[in-house]
Amino acid sequence: MLEASMKLHTDIERILIDAETIQRRIDELATQVDADYADVDELLLVGILKGAFIFMADLTRRLHVPHVVDFMALSTYGPGVEASGAVRIVMDLRQSIAGRHVLIVEDIVDTGLTLDYLYHTLESRRMASLRSCALLSKADQRKVEVHINYLGFEIPDVWVVGYGLDYADRHRTLPYIGVLRAEVYR
Ligand code: IMP
């Protein structure tokens, strides 16, 4: 494996999920999605930026069901507000989703506030169906209950980076999911 020959980045305490395990799980998720949407003319996958960009690329390239992709960007902080928990849309979809089958693709569900906001915001757009797919979930951190239709891995309450996930915009392109050293963010 590539990462076996690379020295672990000094900000990373340990690898939580290695690249091979991630890829195997995405194979399984794609198989599930293909089966569930087998009778659908077209699926619209909505990736949530920036964290989901790598997961979205790997998942969509394994799908056989006809599909198109679009992206949204959300922010959890209002301007000048520190970690208020308020979610807002920074970049909306470029197309109407009325009558379409929509699958939200998220990197990680933590408090659940982002996914909950998305469900409520998109609800009024009269879609044929709305489901969610998340690579990771930290169930212990939930502030609101949200249903995830397709989930890669349940993980403990640690800050993870890699495979699209960041800390201060860094480490997104690591091929694995790694636990960030506490000294880095304390
Ligand atoms: P939620 O609204 O609290 O569920 O958080 C969702 C967003 O928080 C994710 O899309 C990530 O951008 C970010 N996030 C939460 N936990 C982590 C983590 O451990 N590493 C990187 N980003 C995280």
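Below: a short report on this structure. (Residues numbered from 1 in each chain as written. Predicted model: local features only at pLDDT ≥ 70, side-chain atom pairs only at ≥ 80, totals over all residues. Heavy atoms only, no water.)

**Observations regarding the site of the ligand**
At step 1: If you check the shell around the ligand, you find 15 residues, and the closest are D107, D110, T111, T114 and V160.
At step 2: Between E106 and the ligand, the recorded distance is 3.2 Å, taken from a side-chain N or O atom to an oxygen atom.
At step 3: Between the ligand and V160, the relevant distance is 2.6 Å, taken from a nitrogen atom to a main-chain nitrogen or oxygen of the residue.
At step 4: Considered on its own, the ligand offers 490 Å² of accessible surface; in the complex 85% of this is hidden by protein.
At step 5: Only β5 (101–109) and α4 (113–123) provide two or more residues apiece to the shell around the ligand.
At step 6: If one sorts the elements of the shell around the ligand by residue count, β5 sits on top with four residues. (Near = heavy atom within 4 Å. Polar contact = N/O pair within 3.5 Å; in protein donor to acceptor, adjacent residues only side chain to side chain. Areas by Shrake-Rupley, 256 points an atom, 1.4 Å probe, with all protein chains shown as cover. Helix = DSSP H or I, 4+ residues; strand = E, 2+ residues; numbered from the N terminus.)

**Section: the nonpolar core**
At step 1: Core analysis: the largest hydrophobic core is formed by 32 residues, its most contacted members being F55, L59, L135, L136, V160 and I177.
At step 2: Top contributing element to this core by residue count: helix α2 (residues 19–36), with five residues.
At step 3: When sequence neighbours within four positions are dropped, the list of residues in contact with I177 reads I15, L16, I17, I22, L135, L136, V160, V161, G162, Y163 and L165.
At step 4: Core analysis: the second largest hydrophobic core is formed by 19 residues, L74, V87, I97 and L118 among them. (Core = buried A, V, L, I, M, F, W, Y, C linked by side-chain atoms within 4.5 Å. Buried < 20%, exposed > 50% of the residue type's maximum accessible area, 1.4 Å probe, protein only. Contact = heavy atoms within 4.5 Å.)

**Thoughts on the environment of R61**
At step 1: Along the chain, R61 falls in the loop between α3 (53–60) and β3 (67–75).
At step 2: With 31 residues separating them in the primary sequence, R61 and A30 have C-alpha atoms 9.0 Å apart.
At step 3: Polar side-chain contacts of R61 include one of 2.9 Å to the backbone oxygen of A57.
At step 4: At 2.6 Å, the side chain of R61 forms a polar contact with the side chain of D58.

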